[in-house]
Amino acid sequence: MSKFLPMPFHTVSLLIVWLMLNNSLSPGHILLGMVLGVVIPLVCQPLRIPQPKFKRPMKLFSYALLVLIDVIKANIEVALLVLGPSSRINPGFVAIPLDLQEALPITMLASTVTMTPGTVSAELSSDKKFIYVHVLNMPEDEQEVVDFIKTRYEANIKEIFEC
Amino acid sequence: MNDMFEIVISVLLVIGGIFIFVGSLGLARLQDFYTRLHAPTKATTVGLGSVLLASMIYTYATEGYITVNVLLITLFLVITAPVVAHILAKVAMHHQVKMIPRTRNREMVKLARKQLPPTATTGVEEDGRLP
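Trainee: Mind showing me how you'd approach the overall build of chain B here?
Mentor: Check the secondary structure of chain B and you find four helices and zero strands. Reading chain B from its N end, one meets helices and strands in the order α-α-α-α. Per-residue burial for chain B yields a buried fraction of 30% across its 131 residues. Long-range contacts, defined as pairs at least 24 residues apart, comprise 56% of the intrachain contacts of chain B with a sequence gap of at least 6.

Here you go:
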């Protein structure tokens, strides 16, 4: 964390995204990408809200893979629900108690919940202890949904941040 | 371009087409705003994903290089879709959008709108009508 490169990770990802956007590896673009990668973090740094660090970044990949598989499952599930008779759909709201405290882990969990099987995150309570979720097809026992999200996603996110 | 590529690209395009169609069908068929929210945010990720993958394979087969712009589209889509869905659900709660009567825990919307935990008993206006 030097003064010149306050966010080294962002510098690298800005360079990569710039090269991907231009779809080239020419020296000119690499130079321009590097300039952008240095200048943008310098400008943005004062605006930054401190976030917890990824303690185990390798776990991110296995988590991303898990979510990717679940997203594909979610698509098929939702597609079948849409095509089937609409009387079979029993929507409902459920409040999920959170163990996570910081903004970044909660954002990750909320995004995952929205991307995966039949659930959309709708609101976070102001004390950050509960997240309200709309469920497309609620099983008889609401606790099933809560347990599924807590064990499958929240536990993994907790491991990544080790909080 | 050999047959192998053509088959793979066609299969991907057909899968993508089916999912995007189901997503839009869901918008028309589902009964209230909240359930409609589920169809386009989810059924289109795989749909758009396979169309983009098909486009990537097509450029590889015809031009001989891999375009990465397509990966960026996927990345931005995955980042923005959940945020949009969340904000839409939030706005719907504040506007007290109608929901189908068999929605369970409807009274939670009243608490959620004020960002209160579900255990809260005070702070909810008594005359707050259920949407």
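Alright, that's what it looks like, and here's the rest.
Trainee: What is the right way to look at the interface of chain A and chain B in this model?
Mentor: Often the size quoted for an interface is simply the accessible area lost on bringing the parts together. Each partner contributes to the interface: chain A provides 39 residues, whereas chain B provides 40 residues. Among the elements of the structure, helix 1 (8–22), helix 3 (58–83), strand 1 (92–97), helix 4 (103–115), strand 2 (119–124) and strand 3 (130–135) of chain A are those that each provide at least two residues to the side of chain A that touches chain B. It is helix 3 of chain A that contributes the most residues to the side of chain A that touches chain B, eight residues altogether. Looking at the side of chain A that touches chain B residue by residue, the classes come out as 24 nonpolar, twelve polar and three charged.

Trainee: So what exactly am I meant to see when it comes to the domain arrangement of chain A here?
Mentor: The domains assigned to chain A are domain 1 (8–47) and domain 2 (58–161). Measuring from the centre of the C-alpha atoms in domain 1 of chain A to the corresponding centre in domain 2 of chain A gives 33 Å.

Trainee: Looking at this structure, how should I read helix 4 of chain A?
Mentor: Structural remark: α-helix, 3.6 residues per turn; residues separated by three or four positions point the same way. The end-to-end C-alpha separation of helix 4 of chain A is 18 Å, in line with the 18 Å expected for 13 residues at 1.5 Å each. Every buried residue belonging to helix 4 of chain A is among P105, M108, L109, A110, T112, V113, T114 and M115 of chain A, and all of these are buried.

Trainee: Would you mind showing me how to read helix 5 (residues 142–161) of chain A here?
Mentor: All names here are of chain A. Along its 20 residues, helix 5 runs 28 Å from first to last C-alpha, staying within 8% of the 28 Å computed at 1.5 Å per residue. The largest bend in helix 5 is about 35°, located at K150. All of the buried residues along helix 5 are V145, I149, E154 and I157. Buried residues belonging to helix 5 abut strand 1, helix 4 and strand 3. The first or second residue beyond helix 5 is E162, which carries a positive phi of 50°.

Trainee: Would you mind showing me how to read the confidence of the model for chain A here?
Mentor: Do not read the fine detail of predicted coordinates wherever pLDDT is low. On average, residues of chain A score 82 in pLDDT, and 97% of them are at 70 or above. Mean pLDDT per element in chain A: strand 2 of chain A is the minimum at 82, and helix 2 (residues 27–44) of chain A is the maximum at 89.

Trainee: Looking at this structure, how should I read the environment of E144 of chain A?
Mentor: All names here are of chain A. Structurally, the position occupied by E144 is in helix 5. Under the C-beta neighbour-count criterion, E144 is labelled partly exposed, with 13 such atoms within 10 Å. Sequence-wise, E144 and V67 are 77 residues apart; in three dimensions their C-alpha atoms are separated by 19 Å.

Trainee: Honestly, the pairing of strand 1 of chain A in this entry has me stumped. Any pointers?
Mentor: It is a general feature of regular strands that their side chains alternate between the two faces of the sheet. Residues and elements named next belong to chain A. Across the six residues of strand 1, five count as buried, placing the element largely inside the fold. Here strand 1 pairs with strand 3 via six bridges, running antiparallel. Note on strand 3: the bridge partner recorded for P97 is F130.

Trainee: Is there a simple way to explain the nonpolar core in this structure?
Mentor: Nonpolar side chains tend toward joint burial in soluble globular proteins. Residues Y132 and V133 of chain A together with A89 of chain B are the most contacted members of the largest nonpolar core, which totals 45 residues. Sequence-distant contacts of Y132 of chain A, that is, excluding residues within four places in its chain, are made with F93, A95, A122 and E123 of chain A together with M108 and A112 of chain B. Listed in part, the five residues of the second largest apolar core include V51, L52, A54 and V70 of chain B.

Trainee: What exactly am I supposed to notice about the sheet that holds strand 2 of chain A here?
Mentor: In any sheet, the strands associate via hydrogen bonds between backbone groups, in a parallel or an antiparallel arrangement. Strand order across the open sheet formed by three strands is 1-3-2 (chain A), with antiparallel pairing between neighbours. The open sheet terminates on both sides in strands that have one partner only, identified here as strand 1 and strand 2 of chain A. Strand after strand, the sheet turns through a mean of 30° between neighbouring axes, direction not considered. Sheet topology places strand 2 of chain A next to strand 3 of chain A; five bridges connect them, and they run antiparallel. Along strand 3 of chain A, the bridge assignment pairs L124 of chain A with I131 of chain A. Sheet strands in contact with helix 3 (residues 69–94) of chain B are strand 2 and strand 3 of chain A, and its direction is about 60° off that of strand 2 of chain A.

Trainee: When you look at the packing of helix 1 of chain A against helix 2 of chain A in this model, what are you seeing that I'm missing?
Mentor: Helix packing for two helices is described by the angle between their axes and how far apart those axes are. Residues and elements named next belong to chain A. It is the contact of helix 1 with helix 2, at a shortest axis distance of 8 Å, that shows an interaxial angle of 140°. With respect to helix 2, the axis of helix 1 lies oblique. As helix 1 runs across helix 2, the sense of the crossing is right-handed. Of the residues in helix 2, those touching helix 1 at H10, T11, L14, L15, W18, L19 and N22 are H29, I30, G33, M34, L36, G37, V38, I40 and P41. Among the residues making up the contact of helix 1 with helix 2, the classes are represented as ten nonpolar, six polar and no charged.

Criteria and thresholds
Residues numbered from 1 in each chain as written. Chains lettered and ligands numbered in written order. Predicted model: local features only at pLDDT ≥ 70, side-chain atom pairs only at ≥ 80, totals over all residues. Helix = DSSP H or I, 4+ residues; strand = E, 2+ residues; numbered from the N terminus. Buried ≥ 20, exposed ≤ 12 C-beta atoms within 10 Å, placed from the backbone. Contact = placed C-beta atoms within 7 Å. Nonpolar A, V, L, I, M, F, W, Y, C, P; charged D, E, K, R; others polar. Domains from an automatic or database assignment. Expected span 1.5 Å × (residues − 1). Bend = angle between axes of the 7 residues up to and from the residue. pLDDT = per-residue confidence, 0-100. Pairing = 2+ DSSP bridges. Core = buried A, V, L, I, M, F, W, Y, C linked by C-beta atoms within 7 Å. Axes fitted to C-alpha atoms, helices over the stretch in contact; angles between N-to-C directions. Parallel < 35°, antiparallel > 145°, perpendicular 65-115°, else oblique. Left-handed = near helix turned anticlockwise from the far one by under 90°.

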